[in-house]
Amino acid sequence: MSKYRKMADEILTALGGSSNIASYTNCMTRLRVTPVNRGNINEQKIKEVDGVVGTVDDETYQIILGPGVVTKVADQFGAAIEETKGQGSASNYEAKGADIKQELKKKNSTPFKTFLRKIGSIFIPLIPAFVGAGLIAGIASILANNITAGNLSEETWQQYVTILNVIKNAIFSYLVIYVGINAAKEFGATPALGGVIGGVTLLTGATPEMPITNIFTGEALSAGQGGIIGVLIAVYLLAMVEKFLRRWIPDAIDIIVTPTIVLLLIGLLTIFIIMPFAGLISDNLIGAINWTLDRGGAFAGFVLGTTFLPLVMLGLHQVLIPIHIEMINISGMTVLLPILAMSGAGQVGATLALWIKCRKNTQLTNLIKGALPVGVLGIGEPLIYGVILPLGRPFITACIGGGIGGAVVGIFGNIGAIAIGPSGMALIPLIADGMWFKYILGLLAGYAGGFILTYFFGVPKEAMVNTADSAEKEVEIEAEKGFSISDKGAVVMPFEGEVKPLEEVPDAVFSSKLMGDGFAIEPINNTLVSPIDGEVVSVFPTKHAIGLKSNDGLELLIHVGLETVSLKGEGFTSLAKEGQEVKKGTPLLKIDLDYIKKHAVSTITPVIFTNLAEGTSVKLLKTGYQEQGSAGVIALELP
């Protein structure tokens, strides 16, 4: 145990335990705690902890630890709270049950899914700002486009557009800073440092007269090059460097040295490597776009409409502005903008499909309700970062849907905008030469393409779950009806031994049914077999527990013995692998029953149904001794 963890544990104990901590934070020198009951604090014990400089009983209870030390103790303090929360109480049993369920979920996780969850954790807190500012931006864009088209008086309306844009820009102009802060939280870095690195990409202070040179091209860097993706990469690297430095920098100078080195190193890396590399890509991108436009027709429309959303994420869409301006100067309109606008139509269509297919997912549908109206008006960030990107597949189908809309616009040809403005429906007033109807047909094609592709190919199963209070319940739960076992032989006995009610298991995690209903069996043989026809979804690293899923979606957890995780695999030999299809009676696990009896708390084996609908219960039809493979022992009672 590190000295910082020892300090954290002693401080937590003196504060009255985790149940007495309402919240905590730290500044440069102090751990600041908001206690539930100040009377439970043993101040003398806190002062006796080696390393504690003093205490201050103010609005928050402050423990003075000194610079450097406080950061490391605070990290361990948080870990100690999580590990000891509710110890010895019912909440501890709930936590233990949650841990086992979490282990099952980890088994079905992939690096890509983990990446998408992290992306969601970074952007979802920004959704309210996206929605509110997006609606304001939509109103401003409609007014601005009508001013440009001559439908509204500039003298009267321009000031209102300016005011609305000032409000809107408070989120969109500084989005990289917000993302940097949230990414730092997610990656385990200091949030303020993440915000600074995000702000670095804005190149504040660089001017046309005194630019920063792109080391790849020799030209001036452009603010925002690298975009959101560049910021995420930079902050991820920042987190790695900061964690490394905090292990080696002496506590007394940590608060001064670590942030300085981190910001200098990652800031220079961002300016001279990440941003210039994005600039190099953008220069080649312009050539590729010009080549594509020269080909014209459906091909150009599909390629440009498909690839625009990834360009927005990379912050490379700004390099297209000179192309738009040049086209307007030469021909009075830009034919590129209406094609690129179809990418927004694709994501609107994809979002509509998600709304219909995932209507039980209340968390997702609430996001969609707020983000969709502004998406129709051409403000796409809420849909990208809040809805389609975190889900993965809908982002791909949305891109292809945008390509379909772009192809339609390309087939018509000569659909242009007389000025640069937001896309979607808000662009209609700027469409030149009365071609607005053909532009709308393109939007409808984009909507339809995104909708159809997402509806049939782009909806992740886990997104369709009913999430009244959680977005992570498994999709296979049939909340309305539950599962029924009309055939009493659908589940057979996995061991030979004595069948008991789950309530008789001497562990509250199982007996209180926090993980789900089920039954228990005291085994007398050495081979565990599958009780169902289905698939092995998880084999715990310590081999003491196995997760199964039946062909009709019923999920089971078989936990051999109590506290057998502490045996670290001793006494267990796996006979089946994750992903393996099994039949009733397929051997799953070989156990050394004598060894387990000697070294574990008990050999009693709970069999838990982890995804029963609310109100569904397990009814034991038989108890006492049952042969392995025998049927008709249990049934599920529906509510």
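Before reading on, note that the structure itself is shown above.
Computed from a prediction, not measured in an experiment: that's the story for all the values here.

Engineer: Quick question: what am I supposed to make of the overall build of the protein chain here?
Structural biologist: Along its length, the protein chain carries 21 helices and 17 strands. Counting every position in the protein chain, which comprises 639 residues, the buried fraction comes to 50%. Sequence separation of 24 or more characterises 71% of the internal contacts of the protein chain that already satisfy a separation of 6 or more. Counting only carbon and sulfur atoms, one obtains 59% of the accessible surface of the protein chain, whose full area is about 29,200 Å².

Engineer: What exactly am I supposed to notice about unusual backbone geometry here?
Structural biologist: A negative phi angle characterises most non-glycine residues, just as the trans form characterises most peptide bonds. Notably, Asp 433 is not glycine yet its phi reads approximately 55°, a positive angle. Along the polypeptide, Asp 433 turns up in the loop between helix H18 (393-412) and helix H19 (436-458). The backbone of Lys 568 sits at a positive phi, close to 55°, despite the residue not being glycine. Residue placement: Lys 568 occurs in the loop between strand S10 (555-559) and strand S11 (572-574).

Engineer: Honestly, the sheet that holds strand S1 (residues 21-26) in this entry has me stumped. Any pointers?
Structural biologist: The strands that make up a sheet pair up through hydrogen bonds in the backbone, lying either parallel or antiparallel. Taken in spatial order, the four strands make up an open sheet running S1-S2-S4-S3, and their pairing is antiparallel. Each edge of the open sheet is held by one strand with a lone partner, namely S1 and strand S3 (54-57). Averaged over all pairs of adjacent strands, the angle between their axes in this sheet comes to 20°, without regard to strand direction. Pairing analysis gives four bridges linking strand S2 (residues 30-35) to strand S4 (residues 61-64), with the strands arranged antiparallel. Paired with Val 33 across the strands is Tyr 61, a residue of S4.

Engineer: Just to check I follow, could you spell out the pairing of strand S13 (residues 587-591) for this structure?
Structural biologist: Along a regular strand, successive side chains alternate from one face of the sheet to the other. Examined bridge by bridge, strand S7 (residues 527-529) and S13 share three bridges and lie antiparallel to one another. Across the sheet, Val 529 pairs through a bridge with Pro 587, a residue of S13. Note that S11 and S13 share three bridges and pair antiparallel. Bridge assignment links Thr 573 to a residue of S13, and that residue is Lys 590.

Engineer: Sorry if this is basic, but what is going on with the sheet that holds S11 here?
Structural biologist: Taking strand neighbours across the sheet as the criterion, the three strands line up as S7-S13-S11 in an open arrangement whose pairing is antiparallel. In this open sheet, the two strands that pair with only one neighbour each are S7 and S11. Adjacent strand axes in the sheet meet at a mean angle of 20° when their direction is disregarded.

Engineer: How should I be thinking about the pattern of salt bridges in this particular structure?
Structural biologist: Two side chains carrying opposite charge are able to pair once their charged atoms lie near each other. As enumerated under the stated definition, the model contains 10 salt bridges in all. Of the charged contacts, one joins Asp 57 and Arg 38 as a salt bridge, the two residues approaching to 2.3 Å between their closest N and O atoms. Taken together, the residues Asp 57 in strand S3 and Arg 38 in the loop between S2 and helix H2 (43-48) connect sequence positions 19 residues apart. For Glu 43, the salt bridge is made with Lys 47, and the minimal N-O distance between the two is 3.3 Å. Linking Glu 43 with Lys 47, this pair stays in helix H2, spanning four residues, or about one helical turn.

Engineer: I would appreciate a short explanation of the packing of helix H8 (residues 175-187) against helix H10 (residues 227-248) in the present structure.
Structural biologist: The description of two packed helices rests on the angle between their axes and on the distance between the axes. At a closest axis distance of 9 Å, the pairing of H8 and H10 adopts a crossing angle of 40°. Between H8 and H10, the angle is such that the two are oblique. The element H8 and its partner H10 pack so that their crossing is right-handed. Contacts between H8 and H10 involve Leu 175, Val 176, Val 179, Gly 180, Ala 183, Ala 184 and Phe 187 from the first element and Ile 228, Val 231, Leu 232, Val 235, Tyr 236, Ala 239 and Lys 243 from the second. A breakdown of the residues in the contact of H8 with H10 according to their chemical character gives 12 nonpolar, one polar and one charged.

Engineer: Any chance you could explain the nonpolar core here in plain terms?
Structural biologist: One recurring pattern in soluble globular proteins: nonpolar side chains tend to sit buried together. Val 179, Ile 228, Leu 336, Val 387, Leu 427 and Tyr 439 are the most contacted members of the largest nonpolar core, which totals 79 residues. With nine residues, H10 is the largest single contributor of residues to this core. Inspection of this core shows a minimum of three residues originating in each of domain 2 (113-281) and domain 3 (333-463). With 33 residues, the next largest nonpolar core counts Val 491, Ile 521, Val 633 and Ile 634 among its residues.

What counts and what doesn't
Residues numbered from 1 in each chain as written. Predicted model: local features only at pLDDT ≥ 70, side-chain atom pairs only at ≥ 80, totals over all residues. Heavy atoms only, no water. Helix = DSSP H or I, 4+ residues; strand = E, 2+ residues; numbered from the N terminus. Buried < 20%, exposed > 50% of the residue type's maximum accessible area, 1.4 Å probe, protein only. Contact = heavy atoms within 4.5 Å. Areas by Shrake-Rupley, 256 points an atom, 1.4 Å probe, with all protein chains shown as cover. Pairing = 2+ DSSP bridges. Axes fitted to C-alpha atoms, helices over the stretch in contact; angles between N-to-C directions. Salt bridge = Lys/Arg side-chain N within 4 Å of Asp/Glu carboxyl O. Parallel < 35°, antiparallel > 145°, perpendicular 65-115°, else oblique. Left-handed = near helix turned anticlockwise from the far one by under 90°. Nonpolar A, V, L, I, M, F, W, Y, C, P; charged D, E, K, R; others polar. Core = buried A, V, L, I, M, F, W, Y, C linked by side-chain atoms within 4.5 Å. Domains from an automatic or database assignment.

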